[in-house]
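# What the coordinates show
One letter stands for each residue in the lines below.
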Amino acid sequence: MSENTYTLAELAQRFGLQASGDPQTRVDGVCSLLPGRAGALSFLSNPRYRAQLAQTQASIVIVKPGDAAELRGAGLIAADPYLAYARVAALFDPEREFAPGISANAAVAQDAQLGEGCYVGPAAVIEAGATLGAGVYVGPGCVIGRDARIGAGTRLVAQAHVGARVQLGERCLVQPGAVIGARGFGNALGPKGWEAVPQLGSVRIGNDVEIGAGTCIDRGTIEDTVIEDGVRLDNLIQIAHNCRIGAHTAIAACTGIAGSTVIGRRCMIGGAVGINGHIEISDDVILLAGAMVTNSIKERGAYGSAPPLEPAQDWRKTVARLRRLGRMDERLRVVESQLREAQGNKSNDDPDSF
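Attention here is on the structure that accompanies the text. (Residues numbered from 1 in each chain as written. Predicted model: local features only at pLDDT ≥ 70, side-chain atom pairs only at ≥ 80, totals over all residues. Heavy atoms only, no water.)

## A few points about the sheet that holds strand S2 (residues 18-20)
An order of S2-S6-S5-S4 is seen for the 4 strands of this open sheet, with the pairing classed as mixed. At either margin of the open sheet sits one strand with a lone partner, and together these are S2 and strand S4 (41-43). Within this sheet the neighbouring strands show an average axis-to-axis angle of 25°, counted without direction. Pairing geometry for S4 and strand S5 (residues 60-63), over 3 bridges, is parallel. Across the sheet, residue Leu41 finds its bridge partner in S5, namely Ile60. Along the sheet, helix H1 (residues 8-15) makes contact with S2, S4, S5 and strand S6 (74-77), crossing S6 at roughly 5°. (Pairing = 2+ DSSP bridges. Helix = DSSP H or I, 4+ residues; strand = E, 2+ residues; numbered from the N terminus. Axes fitted to C-alpha atoms, helices over the stretch in contact; angles between N-to-C directions. Contact = heavy atoms within 4.5 Å.)

Here's what the structure looks like:
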């Protein structure tokens, strides 16, 4: 429950939505559609759950125009109820509320610059030359490297590492354990073994980017690794050195992206996708979960490569057939060769053939 409350009329005016029902209906938070809660707001976007409208206890429900007639109480009408819900729910999110200040056991370099209204939590470290914009939140145990720049309103939840010279835009969200600007995986094989290739670039991240827990973004070898505005990165993602991720692309957990890969704008990449290095992926590409991308994708659309789940007995049969493909291919080549030879002999025997 939030300390803030809003009426139906206030929400409709604030977010440009059509109201249905008593304009003084008041809510202090959000809830699921079923069972719902009196004094809370919910939404319906999936028609599979339309029947729950008749049972919900939510005081206000956000619905599409076609579902407005099914409302039992107050509602907000939106073309995209889920998007509208996201905007309304932000009013009740306490995560970005904090009291500015610097914890007594934080370590802040003398020449670090902190904008107005910043917070630096316990055991956090801000190194020399770092610059924080207004209202930046640096949670417990975070490290901000030397000469790093953090844009206004950005939040580092806890134990996040921002490396030297990293540029992080405004209103970003960095979840616990994320590492931005770690050494890229650059190694040269010499006579006595591997020798490290210096990674002299850094990382540039745009505005309104979200970075999930445990995600790693390596700094560039020479030029910077770049994450453009509005990108959404889930937990446990690896982005290697010199990659570029286009604006508003979303990437799900456990995806690995090898070095020097360029991914376009507005792409949607499913979980556990593997992307080869030194390739390009066009704008508006969808990669299904578990896909393995080994070559550039030049046209928008949906792509997948892993076989879908099936019963174990059927899966074993499929694998057995795949293993026989090599032998079947050889036999097919022999049959085709014999057919071509037979056709040639027939043509030679026919005086009217050309």
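## Overview of the sheet that holds strand S32 (residues 262-263)
Backbone-to-backbone hydrogen bonds pair the strands of a sheet. The strands run either parallel or antiparallel. Across the sheet, 9 strands lie side by side as S9-S12-S15-S18-S23-S26-S29-S32-S35; this open sheet has parallel pairing. For this open sheet the edge positions go to strand S9 (113-114) and strand S35 (280-281), each flanked by a neighbour on one side alone. Of the pairings in the sheet, the one linking strand S29 (residues 244-245) to S32 comprises 2 bridges and is parallel in character. By the bridge assignment, Ile245 is partnered in S32 with Ile263.

## Considerations on the packing of aromatic side chains
Counted under the stated rule, the structure contains 6 aromatic pairs. Taking 4.8 Å as the distance between ring centres and 20° as the angle between the ring planes, the aromatic pair formed by Tyr119 and Tyr137 counts as stacked. Of the two residues, Tyr119 sits in strand S10 (residues 119-120) while Tyr137 sits in strand S13 (residues 137-138), which places them 18 residues apart along the sequence. We note that Tyr119, like Tyr137, is buried. The structure contains a cluster of three or more aromatic residues connected by ring pairs, namely Phe43, Tyr82 and Tyr85. A cation sits over an aromatic face here: Arg155 above Tyr137, 3.9 Å from the ring centre. (Phe/Tyr/Trp six-rings, centres within 6.5 Å; stacked < 30°, edge-to-face > 60°. Buried < 20%, exposed > 50% of the residue type's maximum accessible area, 1.4 Å probe, protein only. Lys NZ or Arg CZ within 6 Å of the ring centre and 35° of its normal.)

What is shown is where atoms sit, not what they do.
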